[in-house]
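Below, each chain spelled out in residue letters.
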Amino acid sequence: MIKKQWILAMAVVAVALVTVAFVQARGDDAATSDIAQQEVEYGPEGQPVAFPHNVHAGAGEGQYQIDCMYCHFSAERSPSAGLPAVASCMGCHSVIRGEGPEGGPSPEIDKVRGFWDRQEPIPWNRIYRVADHVQFPHMRHISAGVDCTACHGQVQEMGVIQRVEQPLTMGWCLTCHLEMGASRDCTVCHY
Ligand code: HEC
Ligand code: HEC
Ligand code: HEC
Ligand code: HEC
Ligand code: HEC
């Protein structure tokens, strides 16, 4: 609590009036967003389809080494890395039906095909999300050569994606910005 007051006081001194108004408004909802972030923790049952990153992006036997950018292609050119549309799954899964535990096609891949047939997007739950008033530009990090693994861990080895670096605090951002000589100006992340 004291720390937050202190940051606020510092902001009042340091930042332009507009920014100050915004930072104060954030005081309360920072707490709620922390709770929201913790609720995002989930197990294999949490997603509408049990999508295995390791099978698709891993380099081991029976894994297909698909580049991260094939599915998250906007990461290098926009703030958001984006999630793939069902159409990009169907490029393969109109043909590849996998195998279910009792023979026959995989029920998980059948679910993907079901979304496609109904022309519905898959309602994935978000794993990583920063507080509303923080700007996180993927493209700036990718073009500076920061690897996905620096922030998301070894995703290509994960059967169910796990969140590393939790929660996404300001201190975490600033520590790396200090190490890598990136800006720590309040207004690059808050505006
Ligand atoms: C480049 C081809 C390719 C693309 C694109 C692709 N997949 Fe796959 N996927 C595969 C292959 C190959 C397997 C392994 C199938 C097997 O085990 O026989 C697989 C396996 C799976 C499985 C595991 C099935 C099981 O029961 O073990 C799921 C679920 C799945 N894919 C969902 C998706 C979703 C959702 C997308 C789109 C976001 C997608 N895939 C995009 C090739 C692809
Ligand atoms: C075949 C498509 C495909 C490939 C290849 C792929 N992903 Fe994904 N990714 C997805 C899908 C679908 C989701 C949403 C389901 C989930 O969370 O598991 C996702 C979710 C994520 C998320 C969590 C997003 C959130 O909700 O916050 C991260 C981080 C991520 N991927 C990173 C990677 C990285 C890093 C690679 C390369 C090692 C990669 N992905 C390769 C399809 C893919
Ligand atoms: C410097 C840290 C960092 C790096 C590097 C990074 N991400 Fe992220 N990623 C984040 C943060 C923070 C979020 C939450 C962003 C938000 O809420 O706006 C996120 C969110 C995502 C999401 C959820 C959807 C979205 O667009 O917000 C996906 C998918 C994702 N990242 C994939 C990737 C992939 C693939 C790479 C590598 C090409 C990558 N990320 C590199 C920190 C990073
Ligand atoms: C692993 C290291 C790392 C982490 C973690 C990281 N960043 Fe960065 N960030 C960088 C680097 C490197 C740059 C690129 C600086 C450049 O282009 O000169 C950058 C650039 C930025 C920029 C653009 C700065 C400008 O000068 O316009 C913003 C905004 C930003 N990061 C926000 C964030 C936020 C928000 C977080 C935490 C949620 C975060 N970053 C976490 C390394 C990191
Ligand atoms: C590199 C990005 C980055 C920079 C630079 C940055 N912040 Fe933040 N800030 C964040 C992130 C991410 C959060 C969200 C933390 C959370 O939700 O837990 C945050 C949260 C806050 C909060 C909410 C209170 C709290 O404790 O969560 C305040 C106030 C704040 N920042 C003020 C500032 C001020 C003042 C500066 C300049 C001295 C600054 N920030 C610079 C990324 C940044």
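It should be emphasised that the depicted structure is a prediction, and the values quoted were computed from it without experimental measurement. (Residues numbered from 1 in each chain as written. Chains lettered and ligands numbered in written order. Predicted model: local features only at pLDDT ≥ 70, side-chain atom pairs only at ≥ 80, totals over all residues.)

**Some details on the overall build of the protein chain**
Part 1 of the reasoning: Helix and strand counts for the protein chain come out as 10 helices and zero strands.
Part 2 of the reasoning: Starting at the N terminus and walking to the C terminus, you meet the elements of the protein chain as α-α-α-α-α-α-α-α-α-α.
Part 3 of the reasoning: Classification of the 191 residues of the protein chain by burial places 5% in the buried group.
Part 4 of the reasoning: A sequence separation of at least 24 residues applies to 59% of the contacts in the protein chain between residues at least 6 apart. (Helix = DSSP H or I, 4+ residues; strand = E, 2+ residues; numbered from the N terminus. Buried ≥ 20, exposed ≤ 12 C-beta atoms within 10 Å, placed from the backbone. Contact = placed C-beta atoms within 7 Å.)

**Quick notes on unusual backbone geometry**
Part 1 of the reasoning: A positive phi angle, near 50°, is found at Gln65, a position not held by glycine.
Part 2 of the reasoning: The residue Gln65 is located in the loop between helix 3 (53–57) and helix 4 (68–71) in this model.
Part 3 of the reasoning: Of the residues examined, Gln65 has 10 C-beta atoms within 10 Å and is grouped as exposed.
Part 4 of the reasoning: Phi is positive for Gln119, which is not a glycine, with a value near 55°.

**Looking at the confidence of the model for the protein chain**
Part 1 of the reasoning: Mean pLDDT over the protein chain works out to 81, with 75% of the residues at or above the 70 mark.
Part 2 of the reasoning: Scored below 50 in pLDDT, residues 1–43 shows 29 contacts in the model against residues more than four places distant or in partner chains. (pLDDT = per-residue confidence, 0-100.)

**Considering the site of ligand 3**
Part 1 of the reasoning: Near ligand 3 you find 20 residues, and of these His72, Ser80, Ala81, Cys148 and Cys151 are the closest.
Part 2 of the reasoning: The set of elements that each furnish at least two residues to the shell around ligand 3 consists of helix 7 (138–143) and helix 8 (148–152).
Part 3 of the reasoning: Considering every element that reaches the shell around ligand 3, the biggest residue donor is helix 8, with four residues.
Part 4 of the reasoning: Classifying every residue of the shell around ligand 3 gives 13 nonpolar, six polar and one charged. (Near = placed C-beta within 6 Å. Nonpolar A, V, L, I, M, F, W, Y, C, P; charged D, E, K, R; others polar.)

**As for the packing of helix 5 (residues 86–93) against helix 6 (residues 107–117)**
Part 1 of the reasoning: Contact pair helix 5 / helix 6: the axes reach a minimum separation of 10 Å and the direction vectors enclose 125°. Regarding the angle of helix 5 to helix 6, the classification is oblique. Between helix 5 and helix 6 lies a crossing whose hand is left-handed. Contacts between helix 5 and helix 6 involve Val86, Cys89, Met90 and His93 from the former and Ile109, Val112, Arg113, Phe115 and Trp116 from the latter. (Axes fitted to C-alpha atoms, helices over the stretch in contact; angles between N-to-C directions. Parallel < 35°, antiparallel > 145°, perpendicular 65-115°, else oblique. Left-handed = near helix turned anticlockwise from the far one by under 90°.)

**Comments concerning the environment of Ala81**
Part 1 of the reasoning: Relative to the helices and strands, Ala81 resides in the loop between helix 4 and helix 5.
Part 2 of the reasoning: The spatial distance from the C-alpha of Ala81 to the C-alpha of Met69 is 8.7 Å, given a sequence separation of 12 residues.
Part 3 of the reasoning: In this view, Ala81 contacts His72, Ser74, Ala75 and His138; residues no more than four positions away in its chain are not counted.

**Concerning the environment of Ile96**
Part 1 of the reasoning: With respect to the helices and strands, Ile96 occurs in the loop between helix 5 and helix 6.
Part 2 of the reasoning: Accessibility expressed as a C-beta count within 10 Å gives 13 for Ile96, which makes it partly exposed.
Part 3 of the reasoning: A C-alpha to C-alpha distance of 9.5 Å links Ile96 and Ser106, two positions 10 residues apart in sequence.

**Side note on the environment of His190**
Part 1 of the reasoning: Within the secondary structure, His190 is located in the segment after helix 10 (186–189).
Part 2 of the reasoning: On the basis of neighbour count, His190 is assigned to the partly exposed category, with 17 C-beta atoms found within 10 Å.

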